[in-house]
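Survey of secondary and tertiary structure
What follows is the residue order along each chain.
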Amino acid sequence: METRDWMGIAWPAFLLAAVLEMVVFAMVDPSDLHRFGGDPLGWSRQAVYTVSFFVFWGGTAASSALTVLLISRSSEG
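Our subject in this report is the structure included herewith. (Residues numbered from 1 in each chain as written. Predicted model: local features only at pLDDT ≥ 70, side-chain atom pairs only at ≥ 80, totals over all residues. Heavy atoms only, no water.)

With that settled, the discussion passes to the environment of Leu70. Relative to the helices and strands, Leu70 resides in helix H2 (residues 45-76). Taking relative accessible area as the criterion, Leu70 reaches 52% and is therefore assigned exposed. As a C-alpha pair, Leu70 and Asp39 span 31 residues in sequence and 42 Å in three-dimensional space. (Helix = DSSP H or I, 4+ residues; strand = E, 2+ residues; numbered from the N terminus. Buried < 20%, exposed > 50% of the residue type's maximum accessible area, 1.4 Å probe, protein only.)

Printed below as a string of structure tokens:
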């Protein structure tokens, strides 16, 4: 993949992650989050925002990368 492909993956994924962050945390209070066992998460709000942003960014980047991969494979054949 070329640099242009990587930027075509990273930039839209970054923008979508920012939108997802705003939408999710407009409805969810980070201090109300709990672990699967029911215990409070115990992280600061900033830590929850940061980790969730990178999770959203990684997920949307993976989706974009899969799209680029599938398009490039179909155009080679």
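With that out of the way, let us pick up the pattern of salt bridges. Taken as a whole, this structure holds 1 salt bridge when the rule is applied. Where Arg45 meets Asp29, a salt bridge forms, and the shortest distance between an N and an O atom there is 2.7 Å. Here Asp29 lies in the loop between helix H1 (3-27) and H2 and Arg45 lies in helix H2, a separation of 16 residues in the sequence. (Salt bridge = Lys/Arg side-chain N within 4 Å of Asp/Glu carboxyl O.)

With that settled, consider the packing of aromatic side chains. Scanning the entire structure with this criterion turns up 7 aromatic pairs. Between Phe14 and Phe53, the ring centres sit 5.5 Å apart and the planes meet at 80°, which makes this aromatic pair edge-to-face. Of this pair, Phe14 sits in helix H1 while Phe53 sits in helix H2, placing them 39 residues apart in sequence. Residue classification places Phe14 among the partly exposed positions, given a relative accessible area of 30%. (Phe/Tyr/Trp six-rings, centres within 6.5 Å; stacked < 30°, edge-to-face > 60°.)

This part is about the side chain of Thr60. Looking at the secondary structure, you find Thr60 in helix H2. Relative accessible area serves as the criterion here: at 11%, Thr60 is assigned to the buried category. In terms of polar contacts, Thr60 uses its side chain to reach the backbone carbonyl oxygen of Trp57, at 3.2 Å. Contacts of Thr60, omitting those with residues within four sequence positions, involve Ala13, Leu16, Ala17 and Leu20. (Polar contact = N/O pair within 3.5 Å; in protein donor to acceptor, adjacent residues only side chain to side chain. Contact = heavy atoms within 4.5 Å.)

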